[in-house]
Amino acid sequence: MTDKTNSVEITLKNITKTFSDGTLALKPTDLTIKAEEILVLLGPSGCGKTTTLRLIAGLEFADSNGGSINFGDKNVTELPIEKRKVGMVFQSYALFPNMNVSENIVYGLKVRGIDTAVIDHKLAEMLKMFDLEKYAKRGVHQLSGGQRQRVALARAIITEPDVLLLDEPLSALDALLKARLRGDIRTLLKSLGITAVYVTHDQEEAMAMGDRIAVLDHGEIAQIGSAKEIYLQPKNAFVADFIGQMNRFEGNVIDAQLVLNTGKKIPLSSEALASSNANETLSMMLRPEDIRLTKVTDEQHALTGIVSSSVFLGDRTRVTLEKVQKEGKVIVDCFQRIEYPSGQIVALSFESKHLIPLQG
Amino acid sequence: MKNTRISLFLVLPAIIISFAFFLLPIVQLFKVSVVEGNGISYWNILTQPMYLKSLLSTVGLSTFVTFVSLVIATITGLFLTRYEFWGKQVLIAMLSFPLAFPGVVIGFFVIMLAGRQGLFAQIGLALVGERWMFAYSMAGLFLGYLYFSIPRVVLTVMGAAEKLDQNLIEAGRSLGASRWQIFCDVTVPTLRPGLISSGSICFATSMGAFGTAFTLATNINVLPMTIYTEFTLNANFAMAAALSLILGLVTWVCLGIAKRQGAASVGMGG
């Protein structure tokens, strides 16, 4: 079972989904998930991530506008879930309450009429792989959240599906277990070499799990790329704000600097200057961890702010600044153990290459 | 101490009522059935064809009514829970209508449908020139019982089906199970406690239904009718008392088993 399966590439071409009440859940979408890839669909609730997953699963069907879904060379657009050879793990685990752990795991083989000896062999393999041997005969309601989650995974992969679909499989668990299990799941998926689509609203989970992340917003893919690409080069304000914390500066380009509405100035990189015109209004984004603070006594420096609050978070101190711009605050993560009392004037410094120009 | 006294005082009406209307009559019935019947009433029930037939046909009819009600009502209940359509609320209201009617009225309905002047008779007359009548037979009784049993099960099934996690069905489908396999392996086990409890109520109601039987059972002996006849016409109090106790016992055992089974599957469902 741990041998690599024949994994397939998933291709969505011009897929649209409108619900019966007229809501456009997914705008025309093209998406390719490479064989053996783990793609994470990330976004807030109602962004269309679960709809996309259910369309790939065959639990929902796309609007009939000529769009298609392919698993490898096979067109599955019209096939219901039973015929698609997908494994699915649900947020609620959806374990059958009237069956014990073993019965749950082998259900997919049993309904296919597989030989009992083969079923027993595979079951033993699964129980060992997921460390469930002790619980084989237990009722599922006697298991902890983490154990249920493992049963759900075992049940989904025992049939050797072409594609594994996971719908927020960790969201019912506590933070510590979550962090451990996402590592385990990623290792498992990679060892199986299965193409997987993973839905979550948790950006940290998305970054830890996915080979690539597709950030969805209002029924369309806002950006797709590796965790690094999405974090460091967000294509728009939505992606920037959804993944991690982001500061935004708005001003006019004067003398190679961005002049804010307080008159304070930010030096721009040559790339940023090349793509902008003088006197143009420009928005730049900057991550809190890219800013360094220096305590100063007056506001004569190019870019200063006043500390309004600071919170110690263990590995860093999150400092909130006022009066950098007329509206809004600037958030800075400081990794040195320096106290910043409220009212303290600080100068901000950063490398201009860390500034991210905001488009759209 | 004072609280305990107040509690005792509060529970007194319940004790008096159960003594007056349950325990004493039962003891009295038992006494009558044994003493006045010279102890052979129970033996007679088992040996005399009239009584035995009455007992067996009542149990048989009730079992069959329960079974058919469960099948029809499960399908109807699942359908009504899963699909939204125009007029659904009216249909549900109509389905629960029979709960409001006394047995005599339901008996009357059956006569209107399958009696001498009934709908079936008219159709038969028009088609083949003879009246189709079955109101005053087992079939008529069956129809009447079915009519008041179905709503009891439908409403219970709907309640249980609404709680059925749709993800369970989707999980079954993702594992390649057919709709029939999912129905047997997932849906029915989830509905099981509700089916058992509403089924046992159907059975108990059918066993003891008198109004409908009184209207229709001119040619058939079901247990409540036999009790009535023995008591009022034959003044055979001993036999009436013995039959009453047997009827009560069968129903009570059935409800008891159902309660245990239902509770067991609720526990299993976690």
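A quick note: this is a predicted structure, and the numbers were derived from the prediction, not measured.

Draft legend 1. Just the nonpolar core, in detail. Grouped together as the largest cluster of nonpolar side chains are 50 residues, with contacts concentrated most on Ile105(A), Phe130(A), Leu153(A), Leu164(A), Leu166(A), Leu189(A) and Ile213(A). Among all residues touching Ile213(A), those that are not within four sequence positions of it are Leu39(A), Val40(A), Leu42(A), Ala206(A), Met207(A), Gln223(A), Ile224(A), Gly225(A), Ala227(A) and Ile230(A).

Draft legend 2. Spatial organisation of the side chain of Thr200(A). Residues and elements named next belong to chain A. Within the element layout of this structure, Thr200 appears in strand β8 (residues 195-200). Exposure remark for Thr200: the relative accessible area of 2% places this residue in the buried category. A distance of 3.5 Å separates polar atoms of two side chains, one belonging to Thr200 and the other to Glu205. Dropping the residues within four chain positions of it, Thr200 is found in contact with Val40, Leu41, Leu42, Gly43, Lys49, Glu168, Glu205 and Ala206.

Draft legend 3. How the structure looks around unusual backbone geometry. All names here are of chain A. Unusually for a residue other than glycine, Glu168 sits at a positive phi of about 45°. As for its position among the elements, Glu168 is in the loop between β7 (163-167) and α5 (175-192). Using a relative accessible area of 8% as the deciding quantity, one classes Glu168 as buried.

Draft legend 4. Representation of the packing of aromatic side chains in the model. Residues and elements named next belong to chain B. For the structure shown, the criterion picks out 15 aromatic pairs over all chains. With a centroid separation of 5.1 Å and an interplanar angle of 75°, the aromatic rings of Phe101 and Phe109 are classed as edge-to-face. Classification of Phe101 by relative accessible area gives partly exposed; the value is 27%. The partly exposed category is assigned to Phe109, whose relative accessible area is 31%. Ring geometry for Phe214 against Tyr228: centres 5.3 Å apart, planes inclined by 80°, an arrangement best described as edge-to-face. Of this pair, Phe214 sits in helix α10 (residues 211-216) while Tyr228 is found in helix α11 (residues 223-233), placing the two residues 14 residues apart along the sequence. By relative accessible area, which is 32% here, Tyr228 ends up partly exposed.

Draft legend 5. Focus on helix α4 (residues 145-157) of chain A. Over its 13 residues, α4(A) extends 19 Å from the first C-alpha to the last, a length consistent with the 18 Å expected when each residue adds 1.5 Å. All of the buried residues in α4(A) are Gly146(A), Gln147(A), Gln149(A), Arg150(A), Val151(A), Ala152(A), Leu153(A), Ala154(A), Arg155(A), Ala156(A) and Ile157(A). At its buried positions, α4(A) is contacted by β6 (86-89), α2 (101-110), α3 (116-129), β7 and α5 of chain A together with α8 (166-174) of chain B.

Draft legend 6. Layout of helix α5 (residues 103-114) of chain B. Residue and element names in this part refer to chain B. Here α5 spans 16 Å end to end across 12 residues, near enough to the 16 Å set by a 1.5 Å rise per residue. Taken residue by residue, α5 has Ile106, Gly107, Val110, Ile111 and Ala114 as its buried positions. When α5 is viewed along its axis, its buried side chains cluster within an angular range of 150° and face the same direction. Lining the buried residues of α5 we find α6 (119-128), α7 (138-162) and α10.

Draft legend 7. Expanded view of the UniProt feature "domain: ABC transmembrane type-1" (unreviewed entry) in chain B. In the numbering adopted here, UniProt assigns the feature "domain: ABC transmembrane type-1" (unreviewed entry) to residues 55-258 of chain B. Here residues 55-258 of chain B is 79% helix and 0% strand, with 21 Å between the C-alpha atoms at its ends.

Draft legend 8. Molecular detail of the interface of chain B and chain A. In this complex, chain B contributes 21 residues to the contact, which on the side of chain A involves 22 residues. By the criterion of area lost to chain A, the three top residues of chain B are Arg173(B), Ser174(B) and Leu175(B), representing 34% of everything that side buries. Joining chain B to chain A, the criterion identifies 2 salt bridges. Its salt-bridge partner being Glu170(B), residue Arg54(A) comes within 2.7 Å of it at the nearest N-O pair. Between chain B and chain A we count 7 residue pairs in polar contact (both at pLDDT 80 or more) in total. Counting residues per element, the ones that place at least two in the side of chain B that touches chain A are α8, α9 (179-208) and α12 (237-269) of chain B. Looking at the side of chain B that touches chain A, the element that brings in the most residues is α8(B), giving 7 residues.

Draft legend 9. Local environment of the side chain of Thr317(A). All names here are of chain A. Assignment of secondary structure puts Thr317 in strand β17 (residues 317-322). Accessibility expressed as a relative area gives 10% for Thr317, which makes it buried. Here Thr317 is in contact with Ser310, Val311, Phe312, Val332, Asp333 and Cys334, once residues within four sequence places are set aside.

Draft legend 10. The arrangement of the UniProt feature "domain: ABC transporter" (unreviewed entry) in chain A in detail. The residues that UniProt annotates with the feature "domain: ABC transporter" (unreviewed entry) are residues 10-243 of chain A. With 35% helix and 24% strand, residues 10-243 of chain A has end C-alpha atoms that lie 25 Å from one another.

Draft legend 11. Main features of the domain arrangement of chain A. All names here are of chain A. Domains assigned within chain A are domain 1 (10-242) and domain 2 (247-357). Look at where the C-alpha atoms of domain 1 and domain 2 centre, and you get two points 40 Å apart. Every contact between the two is made by 7 residues of domain 1 and, on the other side, 5 residues of domain 2. Roughly 540 Å² of surface becomes buried between domain 1 and domain 2 when both sides are summed, with 46% attributable to carbon and sulfur atoms.

Draft legend 12. Just the sheet that holds strand β20 (residues 356-357) of chain A, in detail. Residues and elements named next belong to chain A. Pairing within the open sheet is antiparallel, and its 5 strands lie in the order β13-β12-β11-β14-β20. The strands lining the two open edges of the sheet, one partner per strand, are β13 (265-267) and β20. Here strand β14 (residues 281-286) pairs with β20 via 2 bridges, running antiparallel. Residue pairing across strands places Met284 opposite Pro357, the latter belonging to β20.

Draft legend 13. Here's a closer look at the sheet that holds strand β1 (residues 10-18) of chain A. All names here are of chain A. Pairing within the open sheet is antiparallel, and its 4 strands lie in the order β2-β1-β4-β5. Two strands close off the open sheet at either side, each with one partner strand: β2 (24-33) and β5 (74-75). Sheet topology places β1 next to strand β4 (residues 68-71); 4 bridges connect them, and they run antiparallel. Bridge pairing in β4 links Ile10 to Phe71. The sheet strands contacting helix α1 (residues 49-57) are β1, β2 and β4, and the helix crosses β1 at an angle near 120°.

Draft legend 14. View of the packing of α2(A) against α4(A). Residues and elements named next belong to chain A. Where α2 meets α4, the closest approach of the two axes is 6 Å, and the angle between their N-to-C directions is 30°. Viewed along their axes, α2 and α4 adopt a mutual orientation that is roughly parallel. Along this stretch, α2 crosses α4, giving a crossing that reads as right-handed. For the pair formed by α2 and α4, the contact residues are Val101, Asn104 and Ile105 on the first element and Val151, Ala154 and Arg155 on the second. Residue classes in the contact of α2 with α4 are distributed as 4 nonpolar, 1 polar and 1 charged.

Draft legend 15. Up close: the UniProt feature "transmembrane region" (unreviewed entry) in chain B. All names here are of chain B. The positions that UniProt labels "transmembrane region" (unreviewed entry) are, in the present scheme, residues 7-30, 50-80, 92-114, 134-155, 195-217 and 237-258. Helix makes up 100% of residues 7-30 and strand 0%. Its end C-alpha atoms lie 32 Å apart. Within residues 195-217, the helical portion is 87% and the strand portion 0%, while the C-alpha atoms at the span's ends are 29 Å from each other.

Draft legend 16. Geometry of the pairing of strand β3 (residues 38-42) of chain A. All names here are of chain A. Counting buried residues in β3 gives 5 out of 5 residues, a clear majority hidden from the surface. Here β3 shows two buried faces, one formed by Ile38, Val40 and Leu42 and the other by Leu39 and Leu41. Where β3 meets β8, 5 bridges bridge the pair, whose relative direction is parallel. For Val40, the partnering residue across the bridge sits in β8 and is Tyr198. Both β3 and strand β9 (residues 212-217) contribute to a ladder of 4 bridges, which runs parallel. Pairing of Leu42 across the sheet is with Val215, part of β9.

Rules used throughout
- Residues numbered from 1 in each chain as written.
- Chains lettered and ligands numbered in written order.
- Predicted model: local features only at pLDDT ≥ 70, side-chain atom pairs only at ≥ 80, totals over all residues.
- Heavy atoms only, no water.
- Core = buried A, V, L, I, M, F, W, Y, C linked by side-chain atoms within 4.5 Å.
- Buried < 20%, exposed > 50% of the residue type's maximum accessible area, 1.4 Å probe, protein only.
- Contact = heavy atoms within 4.5 Å.
- Helix = DSSP H or I, 4+ residues; strand = E, 2+ residues; numbered from the N terminus.
- Polar contact = N/O pair within 3.5 Å; in protein donor to acceptor, adjacent residues only side chain to side chain.
- Phe/Tyr/Trp six-rings, centres within 6.5 Å; stacked < 30°, edge-to-face > 60°.
- Expected span 1.5 Å × (residues − 1).
- Arc of directions from axis to C-beta.
- UniProt positions renumbered as here; feature names shortened; annotations may be inferred.
- Buried area = accessible area lost by both parts, 1.4 Å probe.
- Salt bridge = Lys/Arg side-chain N within 4 Å of Asp/Glu carboxyl O.
- Domains from an automatic or database assignment.
- Pairing = 2+ DSSP bridges.
- Axes fitted to C-alpha atoms, helices over the stretch in contact; angles between N-to-C directions.
- Parallel < 35°, antiparallel > 145°, perpendicular 65-115°, else oblique.
- Left-handed = near helix turned anticlockwise from the far one by under 90°.
- Nonpolar A, V, L, I, M, F, W, Y, C, P; charged D, E, K, R; others polar.

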